[in-house]
Amino acid sequence: MVYDLERLMAQTHPGERRCGTRRPEGRVTEAYVDQSRGTSTTCSASSPVASALLFVTRKSPVAAALWLVSTMFAIAGMYVLLDAQFVGRVQVLGLRRRDHGRVPVRGHAPQPRATATPWPTCSATACASVPARWGSRSSRCCSRPWPGTGRCSASRSRRRRRDAGNVVAPVAAVLFREQLLAFEITSVLLLAAVVGAVVLAKRRTAP
Amino acid sequence: MMIGEALLISAVLFVIGVVGVLTRRNALILFMCVELMLNAVNLSFVALSRLHGGALGQAFVVFVMTVAAAESAVGLAIIIAVYRHFGTVDLDRINLLRG
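Nothing here was measured: the structure is a model prediction, and the numbers come from that model. (Residues numbered from 1 in each chain as written. Chains lettered and ligands numbered in written order. Predicted model: local features only at pLDDT ≥ 70, side-chain atom pairs only at ≥ 80, totals over all residues. Heavy atoms only, no water.)

Student: Tell me about the overall build of chain B, residues and numbers included.
Tutor: For chain B, the helix and strand inventory stands at three helices and zero strands. In chain B, which comprises 99 residues, the proportion classed as buried is 43%. For chain B, contacts bridging at least 24 residues in sequence account for 53% of all contacts bridging at least 6. (Helix = DSSP H or I, 4+ residues; strand = E, 2+ residues; numbered from the N terminus. Buried < 20%, exposed > 50% of the residue type's maximum accessible area, 1.4 Å probe, protein only. Contact = heavy atoms within 4.5 Å.)

Student: Residues and numbers for the overall build of chain A, please.
Tutor: Secondary structure summary: chain A contains eight helices and two strands in total. Each helix (α) and strand (β) of chain A, taken in turn from the N terminus, gives the series β-α-β-α-α-α-α-α-α-α. Of all 207 residues assigned to chain A, the portion counted as buried reaches 28%. Taking the contacts inside chain A whose residues are at least 6 apart along the sequence as the reference set, 51% of them involve residues at least 24 apart. As displayed, chain A offers around 13,500 Å² of accessible surface, 60% of which is attributable to carbon and sulfur atoms. (Areas by Shrake-Rupley, 256 points an atom, 1.4 Å probe, with all protein chains shown as cover.)

Student: Help me get a handle on helix 7 (residues 168–178) of chain A, residues and values and all.
Tutor: Residues Val168, Val171, Val174 and Leu175 of chain A constitute the buried set of helix 7 of chain A. Seen from one end, helix 7 of chain A has its buried residues packed into an arc of 140°, which puts them on one side. Exposed residues on helix 7 of chain A whose side chains face more than 90 degrees from its buried face are Arg177 and Glu178 of chain A. Elements in contact with the buried residues of helix 7 of chain A: helix 4 (85–92) and helix 8 (180–201) of chain A together with helix 3 (56–86) of chain B. (Arc of directions from axis to C-beta.)

Student: Break down the pattern of salt bridges for me, with residues and values.
Tutor: Across all of its chains, the model carries two salt bridges over all chains by this definition. Among the ionic pairs, Asp83 of chain A bridges to Arg50 of chain B, the shortest N-O distance being 3.7 Å. Here Asp83 of chain A, found in the loop between helix 3 (61–81) and helix 4, pairs with Arg50 of chain B, found in helix 2 (residues 27–52), and the two come from separate chains. For Arg50 of chain B, a relative accessible area of 34% puts it in the partly exposed group. In this structure, the salt-bridge partner of Arg25 of chain B is Asp92 of chain B, at a minimum N-O distance of 3.8 Å. (Salt bridge = Lys/Arg side-chain N within 4 Å of Asp/Glu carboxyl O.)

Student: How would you sum up the environment of Val34 of chain B? Please name residues and give values.
Tutor: Residues and elements named next belong to chain B. Tracing the chain through its elements places Val34 in helix 2. Between the C-alpha atoms of Val34 and Val21, which are 13 residues apart in sequence, the distance is 7.2 Å. In contact with Val34, not counting residues within four places along its chain, are Val21 and Glu71.

Student: Account for the interface of chain A and chain B, naming residues and giving values.
Tutor: Facing 46 residues of chain A, the contacting portion of chain B comprises 40 residues. Counting each side, the surface lost to burial between chain A and chain B is near 3,700 Å², with a carbon and sulfur contribution of 79%. Put simply, chain A and chain B have four residue pairs in polar contact (both at pLDDT 80 or more) between them. At the level of secondary structure, the elements contributing two or more residues to the side of chain A that touches chain B comprise helix 2 (30–57), helix 3, helix 4, helix 7 and helix 8 of chain A. (Buried area = accessible area lost by both parts, 1.4 Å probe. Polar contact = N/O pair within 3.5 Å; in protein donor to acceptor, adjacent residues only side chain to side chain.)

Student: So what's going on with the packing of helix 8 of chain A against helix 3 of chain B? Which residues, and what values?
Tutor: Interhelical geometry of helix 8 of chain A versus helix 3 of chain B gives an angle of 15° and a closest axis separation of 9 Å. By the angle class used here, helix 8 of chain A and helix 3 of chain B are roughly parallel. For the pair helix 8 of chain A and helix 3 of chain B, the crossing hand works out as left-handed. Residues Ala182, Phe183, Thr186, Leu189, Leu190, Ala193, Ala197, Leu200 and Ala201 of chain A of helix 8 of chain A form the contact with helix 3 of chain B, whose own contacting residues are Phe63, Thr66, Val67, Ala69, Ala70, Ala73, Val74, Ala77, Ile78, Ala81 and Arg84 of chain B. For the contact of helix 8 of chain A with helix 3 of chain B, a count of residues per class yields 17 nonpolar, two polar and one charged. (Axes fitted to C-alpha atoms, helices over the stretch in contact; angles between N-to-C directions. Parallel < 35°, antiparallel > 145°, perpendicular 65-115°, else oblique. Left-handed = near helix turned anticlockwise from the far one by under 90°. Nonpolar A, V, L, I, M, F, W, Y, C, P; charged D, E, K, R; others polar.)

Student: Go over helix 4 of chain A, please, and point to the residues and values.
Tutor: Taken across its eight residues, helix 4 of chain A has six buried, putting it largely inside the fold. Where the residues of helix 4 of chain A are buried, they touch helix 3 and helix 7 of chain A together with helix 2 and helix 3 of chain B.

Student: Explain the confidence of the model for chain A to me, using residue names and the numbers behind them.
Tutor: Residues and elements named next belong to chain A. This prediction gives chain A a mean pLDDT of 69; 48% of its residues lie at or above 70. Ranking the elements of chain A by mean pLDDT puts helix 5 (residues 135–143) last, at 45, and helix 8 first, at 92. A low-confidence stretch, residues 18–23 stays under pLDDT 50, and its non-local contacts, those more than four residues away or across chains, total 19 contacts. Overall, residues 95–145 carries pLDDT values under 50, and its contacts beyond four positions in sequence, including any with other chains, amount to 72 contacts. (pLDDT = per-residue confidence, 0-100.)

Student: Please set out the environment of Gln85 of chain A residue by residue, giving values where relevant.
Tutor: All names here are of chain A. Inspection of the secondary structure assignment puts Gln85 in helix 4. Given the relative accessible area of 12%, Gln85 is considered buried. Spatially, the C-alpha atoms of Gln85 and Val168 are 8.5 Å apart, while their sequence positions differ by 83 residues.

Student: Now, about the packing of helix 1 (residues 3–23) of chain B against helix 2 of chain B: what can you tell me, with residues and values included?
Tutor: Residues and elements named next belong to chain B. At their nearest, the axes of helix 1 and helix 2 sit 8 Å apart, and the two run at 165° to each other. In terms of their interaxial angle, helix 1 and helix 2 are classed as roughly antiparallel. Taken as a pair, helix 1 and helix 2 cross one another with a handedness that is left-handed.

Right, dumping it as C-alpha coordinates:
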(Lines give C-alpha, C1' and ligand atoms only; values in the text may rest on other atoms or scores of the structure.)
Protein backbone atom coordinates (compact mmCIF):
# COMPACT_ATOMS: atom_id res chain seq x y z
CA MET A 1 0.00 0.00 0.00
CA VAL A 2 1.23 3.48 -0.87
CA TYR A 3 0.40 6.50 1.22
CA ASP A 4 -0.30 9.86 -0.28
CA LEU A 5 1.95 12.32 1.54
CA GLU A 6 -0.48 15.19 1.12
CA ARG A 7 -3.31 13.16 2.59
CA LEU A 8 -1.13 12.12 5.51
CA MET A 9 -0.16 15.72 6.13
CA ALA A 10 -3.79 16.75 5.98
CA GLN A 11 -4.58 14.16 8.63
CA THR A 12 -1.65 14.79 10.93
CA HIS A 13 -1.24 18.55 10.38
CA PRO A 14 -4.76 19.78 9.76
CA GLY A 15 -4.01 23.45 10.24
CA GLU A 16 -0.96 23.83 8.05
CA ARG A 17 -2.56 24.62 4.72
CA ARG A 18 -2.21 28.12 3.54
CA CYS A 19 -2.73 30.08 0.41
CA GLY A 20 0.25 30.42 -1.87
CA THR A 21 2.55 27.93 -0.21
CA ARG A 22 4.00 25.07 -2.17
CA ARG A 23 3.44 21.86 -0.28
CA PRO A 24 5.96 19.03 -0.36
CA GLU A 25 5.40 16.42 -2.96
CA GLY A 26 6.15 12.72 -2.81
CA ARG A 27 4.78 9.41 -1.76
CA VAL A 28 5.80 7.25 1.13
CA THR A 29 5.24 3.57 1.48
CA GLU A 30 3.58 1.76 4.32
CA ALA A 31 6.86 0.03 5.16
CA TYR A 32 8.55 3.40 5.54
CA VAL A 33 5.81 4.62 7.88
CA ASP A 34 5.95 1.44 9.95
CA GLN A 35 9.74 1.56 10.10
CA SER A 36 9.76 5.19 11.21
CA ARG A 37 7.08 4.59 13.80
CA GLY A 38 8.84 1.51 15.15
CA THR A 39 12.20 3.25 15.32
CA SER A 40 10.85 6.28 17.14
CA THR A 41 8.87 4.12 19.56
CA THR A 42 11.85 1.87 20.29
CA CYS A 43 14.22 4.78 20.86
CA SER A 44 11.78 6.73 22.98
CA ALA A 45 10.94 3.66 25.04
CA SER A 46 14.43 2.33 25.59
CA SER A 47 16.32 5.52 26.35
CA PRO A 48 14.49 6.55 29.58
CA VAL A 49 14.60 3.02 30.96
CA ALA A 50 18.27 2.58 30.15
CA SER A 51 19.12 5.99 31.58
CA ALA A 52 17.13 5.24 34.74
CA LEU A 53 18.91 1.91 35.20
CA LEU A 54 22.29 3.59 34.80
CA PHE A 55 21.14 6.30 37.22
CA VAL A 56 20.23 3.82 39.94
CA THR A 57 23.34 1.71 39.54
CA ARG A 58 25.91 4.53 39.71
CA LYS A 59 27.71 4.88 43.01
CA SER A 60 28.83 8.46 42.51
CA PRO A 61 26.09 11.02 43.13
CA VAL A 62 27.43 13.21 40.33
CA ALA A 63 27.22 10.43 37.75
CA ALA A 64 23.78 9.52 39.06
CA ALA A 65 22.63 13.12 38.72
CA LEU A 66 23.88 13.28 35.13
CA TRP A 67 22.05 10.08 34.23
CA LEU A 68 18.95 11.45 35.92
CA VAL A 69 19.18 14.50 33.66
CA SER A 70 19.42 12.15 30.69
CA THR A 71 16.32 10.37 31.93
CA MET A 72 14.48 13.69 32.22
CA PHE A 73 15.38 14.55 28.62
CA ALA A 74 14.16 11.18 27.42
CA ILE A 75 10.89 11.59 29.31
CA ALA A 76 10.51 15.05 27.76
CA GLY A 77 10.85 13.44 24.35
CA MET A 78 8.09 11.05 25.27
CA TYR A 79 5.93 14.01 26.29
CA VAL A 80 6.41 15.45 22.82
CA LEU A 81 5.47 12.13 21.23
CA LEU A 82 2.34 12.12 23.38
CA ASP A 83 1.31 15.56 22.04
CA ALA A 84 2.19 17.33 25.29
CA GLN A 85 4.74 19.74 23.88
CA PHE A 86 4.13 22.31 26.58
CA VAL A 87 4.89 19.88 29.38
CA GLY A 88 7.93 18.62 27.52
CA ARG A 89 9.25 22.10 27.13
CA VAL A 90 8.62 22.90 30.80
CA GLN A 91 10.45 19.71 31.66
CA VAL A 92 13.54 20.66 29.65
CA LEU A 93 13.80 24.39 29.57
CA GLY A 94 11.03 25.99 31.52
CA LEU A 95 9.04 28.83 30.16
CA ARG A 96 11.04 31.38 28.24
CA ARG A 97 9.87 34.94 27.90
CA ARG A 98 11.61 35.85 24.70
CA ASP A 99 9.03 34.16 22.52
CA HIS A 100 6.08 35.35 24.63
CA GLY A 101 5.37 31.90 26.00
CA ARG A 102 4.34 30.43 22.71
CA VAL A 103 5.55 26.94 22.02
CA PRO A 104 6.90 26.14 18.55
CA VAL A 105 5.56 22.80 17.49
CA ARG A 106 5.90 20.66 14.43
CA GLY A 107 8.79 22.61 13.06
CA HIS A 108 7.11 25.99 12.95
CA ALA A 109 8.97 28.76 14.68
CA PRO A 110 6.76 31.48 16.16
CA GLN A 111 6.60 34.68 14.17
CA PRO A 112 7.48 37.94 15.85
CA ARG A 113 4.39 39.92 16.66
CA ALA A 114 5.76 43.07 15.09
CA THR A 115 6.00 41.46 11.67
CA ALA A 116 2.90 39.32 11.87
CA THR A 117 -0.07 40.45 9.80
CA PRO A 118 -3.07 38.74 11.32
CA TRP A 119 -5.67 40.35 9.07
CA PRO A 120 -4.32 40.67 5.52
CA THR A 121 -6.51 42.28 2.96
CA CYS A 122 -7.46 40.39 -0.14
CA SER A 123 -5.68 41.49 -3.26
CA ALA A 124 -4.88 40.11 -6.66
CA THR A 125 -1.16 40.24 -6.06
CA ALA A 126 -1.46 38.20 -2.90
CA CYS A 127 -2.57 35.17 -4.86
CA ALA A 128 -0.47 35.73 -7.94
CA SER A 129 2.21 33.37 -6.74
CA VAL A 130 -0.17 30.47 -6.17
CA PRO A 131 0.70 27.50 -8.39
CA ALA A 132 -1.75 26.50 -11.03
CA ARG A 133 -2.61 23.24 -9.33
CA TRP A 134 -3.85 25.21 -6.36
CA GLY A 135 -6.00 27.36 -8.55
CA SER A 136 -9.30 26.16 -7.22
CA ARG A 137 -8.16 26.41 -3.64
CA SER A 138 -6.62 29.82 -4.14
CA SER A 139 -9.73 31.16 -5.81
CA ARG A 140 -11.80 29.80 -2.96
CA CYS A 141 -9.35 31.31 -0.55
CA CYS A 142 -9.30 34.79 -2.01
CA SER A 143 -12.70 35.23 -3.58
CA ARG A 144 -14.80 34.77 -0.45
CA PRO A 145 -14.04 37.32 2.21
CA TRP A 146 -15.38 36.84 5.68
CA PRO A 147 -18.96 37.94 5.97
CA GLY A 148 -19.25 41.48 7.17
CA THR A 149 -15.53 42.08 7.41
CA GLY A 150 -14.18 42.33 3.89
CA ARG A 151 -11.05 40.57 5.02
CA CYS A 152 -9.35 37.91 3.02
CA SER A 153 -10.15 34.41 4.13
CA ALA A 154 -6.45 33.58 3.86
CA SER A 155 -6.32 34.86 7.41
CA ARG A 156 -8.78 32.15 8.32
CA SER A 157 -6.36 29.44 7.26
CA ARG A 158 -3.57 31.24 9.09
CA ARG A 159 -5.66 31.45 12.22
CA ARG A 160 -6.65 27.82 11.89
CA ARG A 161 -2.99 26.86 11.56
CA ARG A 162 -2.13 28.97 14.60
CA ASP A 163 -4.92 27.39 16.62
CA ALA A 164 -3.85 23.89 15.60
CA GLY A 165 -0.29 24.55 16.76
CA ASN A 166 -1.33 26.18 20.01
CA VAL A 167 -0.76 23.59 22.69
CA VAL A 168 -0.66 26.07 25.55
CA ALA A 169 -4.26 27.22 25.37
CA PRO A 170 -5.91 24.00 26.63
CA VAL A 171 -3.49 23.75 29.55
CA ALA A 172 -3.92 27.44 30.34
CA ALA A 173 -7.69 27.09 30.26
CA VAL A 174 -7.52 24.36 32.88
CA LEU A 175 -4.94 26.14 35.02
CA PHE A 176 -6.50 29.59 35.01
CA ARG A 177 -10.18 28.72 34.98
CA GLU A 178 -10.99 25.29 36.39
CA GLN A 179 -8.04 24.88 38.77
CA LEU A 180 -7.35 28.49 39.61
CA LEU A 181 -7.50 28.00 43.40
CA ALA A 182 -5.15 25.02 43.24
CA PHE A 183 -2.81 27.00 41.02
CA GLU A 184 -2.68 29.87 43.53
CA ILE A 185 -2.19 27.51 46.46
CA THR A 186 0.63 25.79 44.61
CA SER A 187 2.33 29.09 43.91
CA VAL A 188 2.11 30.06 47.59
CA LEU A 189 3.46 26.62 48.51
CA LEU A 190 6.41 27.08 46.19
CA LEU A 191 7.14 30.50 47.63
CA ALA A 192 6.99 29.15 51.18
CA ALA A 193 9.27 26.27 50.22
CA VAL A 194 11.85 28.61 48.73
CA VAL A 195 11.79 30.81 51.85
CA GLY A 196 12.02 27.74 54.09
CA ALA A 197 14.94 26.35 52.09
CA VAL A 198 16.83 29.61 52.42
CA VAL A 199 16.17 29.70 56.16
CA LEU A 200 17.21 26.06 56.63
CA ALA A 201 20.35 26.32 54.57
CA LYS A 202 21.49 29.60 56.08
CA ARG A 203 24.63 29.19 58.12
CA ARG A 204 24.07 30.14 61.72
CA THR A 205 26.49 32.67 63.09
CA ALA A 206 27.52 32.77 66.72
CA PRO A 207 26.00 35.64 68.70
CA MET B 1 3.20 6.84 20.49
CA MET B 2 0.91 4.24 21.94
CA ILE B 3 -0.71 4.87 25.29
CA GLY B 4 -0.03 1.37 26.56
CA GLU B 5 3.68 1.65 25.87
CA ALA B 6 3.85 4.96 27.71
CA LEU B 7 2.05 3.49 30.71
CA LEU B 8 4.36 0.48 30.68
CA ILE B 9 7.45 2.69 30.60
CA SER B 10 5.93 4.76 33.39
CA ALA B 11 5.48 1.66 35.51
CA VAL B 12 9.03 0.51 34.82
CA LEU B 13 10.45 3.91 35.76
CA PHE B 14 8.40 3.95 38.95
CA VAL B 15 9.67 0.50 39.92
CA ILE B 16 13.25 1.59 39.23
CA GLY B 17 12.70 4.59 41.48
CA VAL B 18 11.26 2.40 44.25
CA VAL B 19 14.20 0.02 43.98
CA GLY B 20 16.58 2.96 44.20
CA VAL B 21 14.84 4.30 47.30
CA LEU B 22 14.95 0.90 48.99
CA THR B 23 18.52 -0.01 48.10
CA ARG B 24 20.56 3.18 48.11
CA ARG B 25 21.73 4.81 51.33
CA ASN B 26 22.90 8.16 50.00
CA ALA B 27 20.36 10.87 50.79
CA LEU B 28 21.03 12.77 47.57
CA ILE B 29 20.45 9.72 45.40
CA LEU B 30 17.37 8.96 47.47
CA PHE B 31 15.93 12.34 46.58
CA MET B 32 16.76 11.81 42.94
CA CYS B 33 14.97 8.46 43.03
CA VAL B 34 11.91 10.22 44.40
CA GLU B 35 12.18 12.67 41.48
CA LEU B 36 12.29 9.73 39.10
CA MET B 37 9.14 8.32 40.66
CA LEU B 38 7.39 11.67 40.30
CA ASN B 39 8.40 11.85 36.65
CA ALA B 40 7.02 8.37 36.09
CA VAL B 41 3.72 9.52 37.56
CA ASN B 42 3.84 12.59 35.30
CA LEU B 43 4.32 10.37 32.28
CA SER B 44 1.29 8.32 33.18
CA PHE B 45 -0.67 11.55 33.70
CA VAL B 46 0.19 12.73 30.20
CA ALA B 47 -0.60 9.36 28.65
CA LEU B 48 -3.97 9.14 30.36
CA SER B 49 -4.68 12.76 29.49
CA ARG B 50 -4.16 11.94 25.83
CA LEU B 51 -6.31 8.85 26.22
CA HIS B 52 -9.20 10.89 27.60
CA GLY B 53 -8.65 13.79 25.22
CA GLY B 54 -8.37 16.59 27.76
CA ALA B 55 -5.71 18.84 29.19
CA LEU B 56 -6.46 18.22 32.86
CA GLY B 57 -3.68 15.64 33.11
CA GLN B 58 -1.15 18.08 31.71
CA ALA B 59 -2.28 20.69 34.21
CA PHE B 60 -1.77 18.19 37.01
CA VAL B 61 1.71 17.53 35.65
CA VAL B 62 2.44 21.23 36.15
CA PHE B 63 1.18 20.95 39.73
CA VAL B 64 3.30 17.87 40.37
CA MET B 65 6.37 19.60 38.95
CA THR B 66 5.79 22.56 41.25
CA VAL B 67 5.37 20.36 44.31
CA ALA B 68 8.47 18.39 43.30
CA ALA B 69 10.43 21.61 43.04
CA ALA B 70 9.28 22.67 46.51
CA GLU B 71 10.10 19.25 47.92
CA SER B 72 13.55 19.33 46.35
CA ALA B 73 14.28 22.79 47.72
CA VAL B 74 13.32 21.89 51.28
CA GLY B 75 14.91 18.44 51.06
CA LEU B 76 18.24 19.74 49.82
CA ALA B 77 18.23 22.37 52.56
CA ILE B 78 17.64 19.62 55.13
CA ILE B 79 20.43 17.54 53.62
CA ILE B 80 22.78 20.50 53.84
CA ALA B 81 21.87 20.97 57.50
CA VAL B 82 22.35 17.25 58.17
CA TYR B 83 25.74 17.29 56.47
CA ARG B 84 26.82 20.24 58.59
CA HIS B 85 25.74 18.42 61.74
CA PHE B 86 26.93 14.86 61.04
CA GLY B 87 29.54 15.37 58.34
CA THR B 88 27.92 12.75 56.10
CA VAL B 89 24.73 12.14 54.12
CA ASP B 90 24.80 8.38 54.54
CA LEU B 91 21.46 7.43 56.03
CA ASP B 92 22.88 4.45 57.97
CA ARG B 93 25.04 6.79 60.00
CA ILE B 94 22.30 9.24 60.84
CA ASN B 95 20.62 7.90 63.96
CA LEU B 96 19.47 11.09 65.61
CA LEU B 97 15.80 10.06 65.68
CA ARG B 98 16.40 6.40 66.48
CA GLY B 99 14.27 5.20 69.39
